[in-house]
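Structure at a glance
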Amino acid sequence: MKHIAFKSLLLGALIVPTLCGCDENAWNDEHLEGFEKPTITKKETVSYTMTADDIKKVANMPANISLARERGESALLEAVGVNGYFTAEVTPEAYAPAWLDSLSGVKGSIIYYLSEKSTLQLNFPTSDALPAELTGIQNSDNIEIEEYQYQDVWGSTTDFINAFAPSKPAAKAIPGILEEVIDSPADGQFAVVTYNVAVQDPVFGGGGTTTPEEPEDPDAINSVAKTKALESDTEFDVQYALTVGFVSGKNIFACDEAGDFIQIYAANSYAVGDVIPAGWSGTYKLFNGVTPEIEATDLPAAKAGTFTAKEISVAQALDVATVNTVGVIKNVTFSEATPSEKVNFTGKVGDTELSFRNNYTKPGVAAGTYNVTVVVTVFNGTTSLYIVSYDAPAAAPAKIGSRAGANIASTEEKAVYKFNGSAWKLCSDVFVLNANDYAQMGVKSNLSATQAETYLPIYMSTKFPYAKEDDVYYIVYNFYNGTETVKNFCSRATFTGIGWSITTINNDMMQFVRASKGNGWSNWLYDPSIYIDLPAGKDSSSADFWQACVNWAYEHVDVPEFGATSITSGVGYVTTYGNNDYYTGASAYQGNIDLRPGSARKQCPSVYGSMNDDEVVARMKENFELRVGPAVLAEFYPDAQPGKGVDLYYVLSFVMYNGSSHDEVIRFLVTAPGTFEFVDCTWNEE
């Protein structure tokens, strides 16, 4: 059942209140949770909210398994049972009737007591459709890289660490590992891989001889350090690669292989982690006599790379020599919430006060302690720290010992790989939450629907601060569906241009009607009826509908029959206000139908003058029921289609005024595409 948003009121004339309020519920112990013992009536409407366990039963029913096989939805139905929610493909419309039929035959369940034509409003969790292939992630292999595999990566059983490192990247090694551990993978098969990553390479052993490096050309500008040694306004060739650490408009903060930073000023489309290759020209300037900067006209295309901001000590944060560095200052305490506007503020590390500025207008955070990523700048001869992002301090990473005796810090990471028929490839648009991510969100190891809706947009904003509108990524995490935790659950994240929209679990409702009864069983059919709520009152949301009725009376009656040349001419049924008529009584101004016969005679005496009151009212009702109502519905809903297996009705709730206000309900049946036929109206029962 659908509600059209002319208003958000229930139709009191059609909806029977949900059954509730009984002390004894033992009869229902084995049936539907949430249902209580009913009062038996000839015809009822009841409401029930499905649980994840109910949906699992739906997915496991032989009749539904057979139906899914016929529809080519077997894998999708299986995923629905595991997830505990329906999707755009696997809906209650197709799969709930068999489940309802099974309950209808169980003496004691509430459905058993519902007679023919009774209705059930079925509430259920649902999620927007994901690409079909991504449903395979939940059934993927979970691979954890083991010690012997790290040994193979490092090429030694003694000199190795249980982690990947800059010189041994995970993306290069994992495809080969998956080839060895997964036999005969199917095309499109996924694997979720867990592994450790060290931010620096280990140093094994010691001593021995080293090969002397070739002496450098003193004129070759192959580092940031040599660039900073140039005179200001010197043109030169940049003969070294730079990794982007932060971008703000035309300002790029990047570091070379030695970790030295410099600012580049030029139009660009770079993102954090991009590598700017060597081989371009620029002019070195000492901006404001303080800030080292390269001005450039053309910059080369970026290459793939990664950037991880390193820690800046308090001493470095206060040292002007650190200018342009993008780094992390750990354990900064803010005594009050930080600002979201472009202003200065302070924070402390221990007893040392540091000066910050929200120059890039990042969202503020509540008072507390954070690891703060900043760009170090200089103002009036002292350092100022421009905010890039805030992160809650993470638990100390585990120490991974190498066989050479070195202790290298590492963190756990996860990634999704997909077999393309010939090789395993990293899914670059899929991200998997790891233990540190859960810790920063303040949860243990999974997310509920509400938590996902709250935390995942923040996660994506931190990960992609320069996202473009309509960018789409996928997030894999452990999802708690209210009954159990679903591993490798996948949500879609879409950047709207303002923030991240996350596909999470929504609550929806469909109405089912008990169409017939035989042998103690019922035949439950989906009722697609659409309920349109038209509230009365001035400036009501229903004004558009009623104005369309007035327009119809003007165009189809007043113009051809009375010769009206303006909707406000007052000639015919439409009044001089142009927003109400007495052909049907429709009033966009009052948001109702006005059936006062005296007012109708005053507006159109040539038609109504010889009629008595009952005849005037009957004529206006007939005009709305048989002519204007169907025409305006066709105008608003030209794509309406007849129901399949059960009639499709458009049910309008509105207010009729005849000296006092009366709530009314009228039904129209869809008989052909965009074609509506009057069925009945409550004002004829009075």
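Details of the structure are given in the entry above.
The text that follows walks through the structure, step by step, so that each part is easy to find. (Residues numbered from 1 in each chain as written. Predicted model: local features only at pLDDT ≥ 70, side-chain atom pairs only at ≥ 80, totals over all residues. Heavy atoms only, no water.)

1. Regarding the overall build of the protein
Looking only at helices and strands, the protein features 15 helices and 34 strands. Burial status across the protein gives 47% buried among its 686 residues. Considering only intrachain contacts with a sequence separation of at least 6, the fraction spanning at least 24 residues in the protein is 61%. Element-wise, carbon and sulfur atoms account for 48% of the exposed surface of the protein, whose accessible area totals about 33,800 Å². (Helix = DSSP H or I, 4+ residues; strand = E, 2+ residues; numbered from the N terminus. Buried < 20%, exposed > 50% of the residue type's maximum accessible area, 1.4 Å probe, protein only. Contact = heavy atoms within 4.5 Å. Areas by Shrake-Rupley, 256 points an atom, 1.4 Å probe, with all protein chains shown as cover.)

2. Quick look at unusual backbone geometry
Notably, Thr361 is not glycine yet its phi reads approximately 45°, a positive angle. What makes Thr361 partly exposed here is its relative accessible area of 44%.

3. A short note on helix H15 (residues 613–636)
Between its first and last C-alpha, H15 extends 32 Å over 24 residues, near the 34 Å set by a 1.5 Å rise per residue. A bend of about 45° at Phe624 is the largest found in H15. For H15, the complete set of buried residues consists of Val616, Val617, Met620, Lys621, Asn623, Phe624, Glu625, Val628, Gly629, Pro630, Val632 and Leu633. At the N-terminal end of H15, a side-chain oxygen is found 3.2 Å from the backbone nitrogen of Asp614, two or three residues along, and the residue is Asn612. (Expected span 1.5 Å × (residues − 1). Bend = angle between axes of the 7 residues up to and from the residue. Polar contact = N/O pair within 3.5 Å; in protein donor to acceptor, adjacent residues only side chain to side chain.)

4. As for the packing of helix H2 (residues 62–71) against helix H4 (residues 92–104)
Two elements in contact, H2 and H4, have axes whose closest approach is 9 Å; the angle formed by their N-to-C orientations is 155°. On the basis of their axis angle, the class for H2 and H4 is roughly antiparallel. In this structure, H2 meets H4 at a crossing whose hand is right-handed. Contacts from Ala63, Asn64, Leu67, Ala68 and Arg71 of H2 reach H4 at Ala94, Tyr95 and Ala98. Tallied by class, residues from the contact of H2 with H4 come to six nonpolar, one polar and one charged. (Axes fitted to C-alpha atoms, helices over the stretch in contact; angles between N-to-C directions. Parallel < 35°, antiparallel > 145°, perpendicular 65-115°, else oblique. Left-handed = near helix turned anticlockwise from the far one by under 90°. Nonpolar A, V, L, I, M, F, W, Y, C, P; charged D, E, K, R; others polar.)

5. Details of the packing of aromatic side chains
Overall, the coordinates contain 40 aromatic pairs when judged by the stated rule. Aromatic side chains Phe86 and Phe124 sit 5.6 Å apart centroid to centroid with 85° between the ring planes, which places their arrangement in the edge-to-face category. Of the two residues, Phe86 is situated in strand E3 (residues 86–87) and Phe124 in strand E4 (residues 119–127); the sequence distance between them amounts to 38 residues. Both residues of the pair, Phe86 and Phe124, count as buried. Ring centres 6.2 Å apart and planes at 50° place the aromatic pair Phe464 and Trp500 in the tilted group. With a gap of 36 residues between them, Phe464 in the loop between helix H11 (449–463) and strand E24 (472–480) and Trp500 in strand E26 (residues 500–502) connect regions that are remote in the sequence. Across the pair, Trp500 and Phe464 agree in class, each one buried. (Phe/Tyr/Trp six-rings, centres within 6.5 Å; stacked < 30°, edge-to-face > 60°.)

6. Concerning the side chain of Asn371
One can find Asn371 in strand E18 (residues 368–379). The class of Asn371 is buried, set by a relative accessible area of 12%. Of note is the side chain of Asn371, whose polar atom sits 3.0 Å from the backbone nitrogen of Asn331.

7. Focus on the sheet that holds E26
Ordered by their spatial adjacency, four strands build an open sheet running E23-E24-E25-E26, and the pairing between neighbours is mixed. Lying at the two open borders of the sheet, with one neighbouring strand each, are strand E23 (430–432) and E26. Across this sheet, the average inter-strand angle for adjacent strands is 30°, counted without regard to direction. Judged from the eight bridges that link them, E24 and strand E25 (residues 485–495) form a sheet pairing that is antiparallel. (Pairing = 2+ DSSP bridges.)

8. Overview of the nonpolar core
The nonpolar side chains of a soluble globular protein tend to be buried with one another. Counting 47 residues, the largest nonpolar core has Phe545, Trp546, Tyr608, Leu633, Tyr650, Leu652 and Phe654 as its most contacted members. Those elements giving two or more residues to this core turn out to be strand E29 (530–533), helix H12 (543–562), helix H14 (605–608), H15, strand E32 (649–657), strand E33 (661–672) and strand E34 (675–681). Setting aside residues no more than four positions away along its own chain, Phe654 makes contact with Leu534, Trp546, Ile593, His662, Asp663, Glu664, Val665, Ile666, Cys681 and Trp683. (Core = buried A, V, L, I, M, F, W, Y, C linked by side-chain atoms within 4.5 Å.)

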